[in-house]
Structure formats: structure tokens, C-alpha cells
Amino acid sequence: MDSWPAIDDMAAGVQKAELRAVDLVKRSLEKIDKSKEYDALISINKEGALERAEAIDKRVAKGEKIGKLAGVPFIAKDNFLTLSGKTTAASNMLKPFEAPYQATAINKLEAEGAICVAKANLDAFAHGSSTENSDFFVTKNPHDKTRVPGGSSGGSAAAVALSMVPFALGTDTGGSIRLPAAFSGVVGYKPTYGLVSRSGVVAMASSTDVIGPLSRTVDDAALILEVMSGPDELDSTTISRDKKPYNDLLPQIRGQKVGIIKEYFDEGLEPGVRQVVDDAIKKLKSAGADVSEVSLPSLPLALAVYYIICPAEVSSNLARYDGQRYGHFAKEARTLQDSYKLAREQGFGLEAKRRIMIGAHVLSSGYYDAYYKKAQTVRTKIIKEFEAAFLKYDFLVGPTSPTTAFKIGEKTSDPLKMYLVDIMTVAANISGVPAISIPAGMSDNLPVGFQIIGPQNSDRKLLAMAKAFEGLK
Ligand code: GLN
């Protein structure tokens, strides 16, 4: 069997003892073993996962109720703190780090019977769009090994595309779930900001960081959101969730007002991507959606706003890595000052250093008003434009990325080119709205993602729309 059954069916099978959790974990481990050449994973939790699976099978045999994800294997991006194994964030700074506590999201999945089998590669500290910024190795695209899988959750996307697991966890600060989902041909869901607790996830830019699933189907993504979402006293930015379950979806398209984001179709869109996205829009129309073009004039500024606010928050969040308390420690340092400096020099890669410098600069007195404050003003303008658009439209749509997966090495020497990859994803993050990337077709044998964006807290409705879209032929 190459692909996995639907997650709810699998869990039901384990609960009824028709499937064994041990077999599911073994199958996942076999698949992982066969896909080594893609370098998707940083660590594998073989013994721990098998032990958990055995325990679940025993509990089933005793007639105990396990939960919505009984025996279902998954992979977490390696910036989720887990009690088993290390949590590196793909950085030399955290290479030796063993977390003393576990992310709330992982706790919630485990409480429903899910089993974490491995931790996936990412751009170090999630800074990047290709997984090439990992301090360890580059993950290869499952459709073409000479290309990137997207990033920063590239290992998670590749793991799902290669059927190592039915779902994986990612984080999306500026597109890091949706972009790798688009490049690797899987579903990637970025929930409303605050819907899933960020406790126990290595912080990147705290005002835009969200956690979400990468999966093969919208139904699977919805079930994972159902389990992970909700208020958490360990994260004061969490919001209350929809009373109704996220995974009980009635697909609906007819009569929905859909706005095609004009700015995403201006220059720079690869013809093959445009073709697939145009076809997707035609399908929405023929299924009865009320589709028209909408302009959000400040949207072209979203990338500049993001690349000021994000480094500002990064520079503050990375200040905790001082080589004293945890993570990399510079043994050769003779003085306290040296110990700080050397730990950071050795532990941070080029991209982390670049962001610390940009962030410290835009926050420094004399430049704060010109950059950071202005970026926050424009951020509010973009939020207002989204709010205005959502008075008229139920959803906004467009491509997830202007191109398909690019070649490994193609953009590494030019950070600005790399930042441009995020041009269609960052706006949802700076506005906190939910967005999904769904595989919509292929261009030159590479997957193309279709992006649907909804208003704040419309997650349930957005997933229902995405499910309906996924079902269109
Ligand atoms: N590619 C974006 C960046 O480099 C987004 C990263 C992310 O979402 N973690 O900042």
C-alpha cells in the first residue's frame, strides 16, 4: 500500500482492532527508510514510536477508548519541542538541545493517540523558503531531486508527499506551510492567528507565527486542526475556537462570493502557474461560485512590511540564545563576553545573523520611525484592505507562489530573490487571516498550489470551501 487511508478511518480501524498501531508505525518507518535520499528528516524516533504503538494496541485489547487519532503516525517539523529525542530547529545553536517540556500541539495530538515517528528538516529557525538554510543538509523535492521542496517546512511537506506519514506539522510565519505544500504537491493549512497554541514551538516572529498541518487531503487537515486548536493557558495569544467541529465539513461552493486577487496576477507569474490557477478559477465558476476580480492596492507592500517586522521580531526572539543557559556553548571562551560572542558566532548561520542585523537596525533609535513604525502603519492598512474585501467576498483566491519549485542553489546567493518567493503568502500572516494551499495541477511535471484565503476565524468555512474545491474535477 503506497498511500495512507483517511486519518479518521485509520484511527477507527485501530480502535476496533482491525488495524494495529504497531503495523502503522512499522509501515511509516519502512517508508522513511526507503526515502532516505530525499533528506527530509533530522531524527527518527523508532523505539519511542514503536513503544507508544504497542501501548496503544494493548489498551485497545483491554477495551479502552484511545481517541480521534488512535495509532496514527505523524512527523513534526524540528522546531516543535518534543520530549523524545532532540529539538534542533535545524540550527547548530540547538544541535545538542533536549527539550524539558513538550509543545502543546504535540501533547494534544498524543492525547488523541497520534504517534510522532520523526522530526523533519527545515530552514534553520524557520528562516527561509527552500530548506536550503538548514544548518545540516538540504531536503530534495519529491517530484524532482534537483529542486527544493519549498520552505521552511520543506521536510514536513516532502515527508507527506513521499507517504512517510499521513500528516506532518509545520509552522507558517510568512508562508512556511503553504509554500512547501505548493512546491511538494500536498495540502498545507495556515489557521487564523492564535487558533493553535504556540507554546513549545521555537519562536520566529511571534506576531505572525502559526502552527498547522500538511496532509494529503483537506479532511485530514481539518481533523488535525480539530484536535490541535483551542485556548491554552501557556499561550496568552490563543483565541477561543469554533463551537462546531472543524472536521465535520459540508463542502460548499455554490453562491460563495470569491474574489480573485488582482495583484497576484500582475507580472512575475510563471505562465504554467497562471494556466493551472486560471483553470482552477474556471472550475470554481462552473461549480456555481460568484467570482470576480478584486484589488487590494497595498498588497504589493506586504513583502516589504513582512521583511521589516519579521526580522525585528526575530532579532528579539533570538536574543535568548546566549550560550549560557541551553543550546550551543562555546567551550573555548575565556571570558563571559567571549562566551556570548562565540556561541552566537558559531551557533547562528548566515540567514539568522542577517535577520538579527536587519531587525536590530530597524528597531534602533533613529531608524525605528523610518522602518519599523512605518511598516506597522502599512500593516494596519493591509489589514483594513482585507477587512474591506471580506465585506464583499467570502474568500479571496490566487496562486500560492508565482513559480513552481526552483532548482537547488538557484537563489542561495541572492537573499532578495529568496525573499521574493514569499510574495503571495506573507499578507495572510501579517493580517492573521487563515489560508490554505491545495494542489491544483501540474506545470512541467511540478505541482502548482491554489491558495484560498478567508476572513479571521472563518477556518471552518474555509476548510469546507477547500474540500469542495478539492472534489472538483
Ligand atoms: N519564507 C519566509 C521567511 O523566510 C517565511 C518563513 C516562515 O513562514 N517560517 O521568513
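Relevant structure appears above.
Reading the values: the criteria
- In every chain, residue numbers begin from 1 and rise along the written sequence.
- Per-residue local features of the predicted model are confined to residues with pLDDT of at least 70, and side-chain atom pairs are confined, for both listing and counting, to 80 or more; whole-chain, interface and lining totals are unaffected and use all residues.
- Remark: hydrogens and water are excluded; side-chain values derive from all non-hydrogen atoms of the structure.
- Whether two strands pair depends on DSSP finding at least two bridges between them.
- Secondary structure elements are defined from DSSP: runs of H or I of at least 4 residues count as helices, runs of E of at least 2 residues count as strands, and each element is numbered from the N terminus.
- Lines fitted to the C-alpha atoms define the axes, with helices restricted to the stretch that makes contact. Angles between their N-to-C directions range from 0 to 180 degrees.
- Here a residue-residue contact requires only that any non-hydrogen atoms of the pair lie within 4.5 Å.
- Residues are counted as near a molecule or strand when any one of their heavy atoms sits within 4 Å of it.
- Polar contact criterion, stated in full: a pair of N or O atoms within 3.5 Å, where within protein one must be able to donate a hydrogen and the other to accept it, and residues adjacent in sequence count only if both atoms are side-chain atoms.
- Note that accessible areas follow from Shrake-Rupley with a 1.4 Å probe, and for residues the cover is restricted to the protein chains shown.
- Polarity classes work like this: nonpolar for Ala, Val, Leu, Ile, Met, Phe, Trp, Tyr, Cys and Pro, charged for Asp, Glu, Lys and Arg, and polar for all others, with Gly in that last group.
- Here's how the labels work: a residue is buried when its accessible area is under 20% of the maximum for its type, exposed when over 50%, partly exposed in between, all with a 1.4 Å probe on protein chains only.
- The handedness of a crossover follows from its direction of travel: if, with the strands pointing away from the viewer, the path from the first strand over the helix to the second runs clockwise, the crossover is right-handed.

Trainee: Explain the sheet that holds strand β11 (residues 446–453) to me, please; I cannot follow it from the model alone.
Mentor: Across a sheet, strands are paired by hydrogen bonds formed along the backbone, either parallel or antiparallel in direction. Strand order in the open sheet formed by eleven strands is β1-β3-β2-β4-β6-β5-β10-β11-β9-β7-β8, and the pairing between neighbours is mixed. Because the sheet does not close on itself, it has two edges, and the strands there are β1 (41–44) and β8 (290–294). Ignoring which end each strand starts from, the neighbouring axes of this sheet average 30° apart. Of the strand pairs in this sheet, strand β7 (residues 257–261) and β8 are connected by five bridges, and their pairing is parallel. The residue of β8 that forms the bridge with G259 is S292. Sheet contacts for helix α8 (residues 271–286): β7, β8, β9 (395–399), β10 (435–443) and β11; angle to β11, the most-contacted strand, approximately 50°.

Trainee: What's the story with the site of the ligand in this structure? I'm lost.
Mentor: Close contacts around the ligand come from 15 residues, with T173, G174, S176, Y306 and R355 the closest. Taking Y307, its side chain carries an N or O atom lying 3.2 Å from an oxygen atom of the ligand. One nitrogen or oxygen atom from the side chain of R355 is found 2.8 Å from an oxygen atom belonging to the ligand. For the ligand, the protein covers 100% of the area, taking 290 Å² as the surface of the free molecule. Across the shell around the ligand, the residue classes break down as four nonpolar, eight polar and three charged.

Trainee: Sorry, what's going on with the pairing of β7 here?
Mentor: The two faces of the sheet receive side chains in turn, since in a regular strand these alternate between them. Burial analysis of β7 places four of its five residues in the buried class, the great majority of the element. After leaving β7, the chain enters α8 and then returns to the sheet as β8, a path that is right-handed. Bridge analysis of β7 against β9 gives three bridges, and the strand direction is parallel. Across the sheet, the residue bridging to G259 is L396, located in β9.

Function cannot be inferred from these measures alone, as they are strictly geometric.
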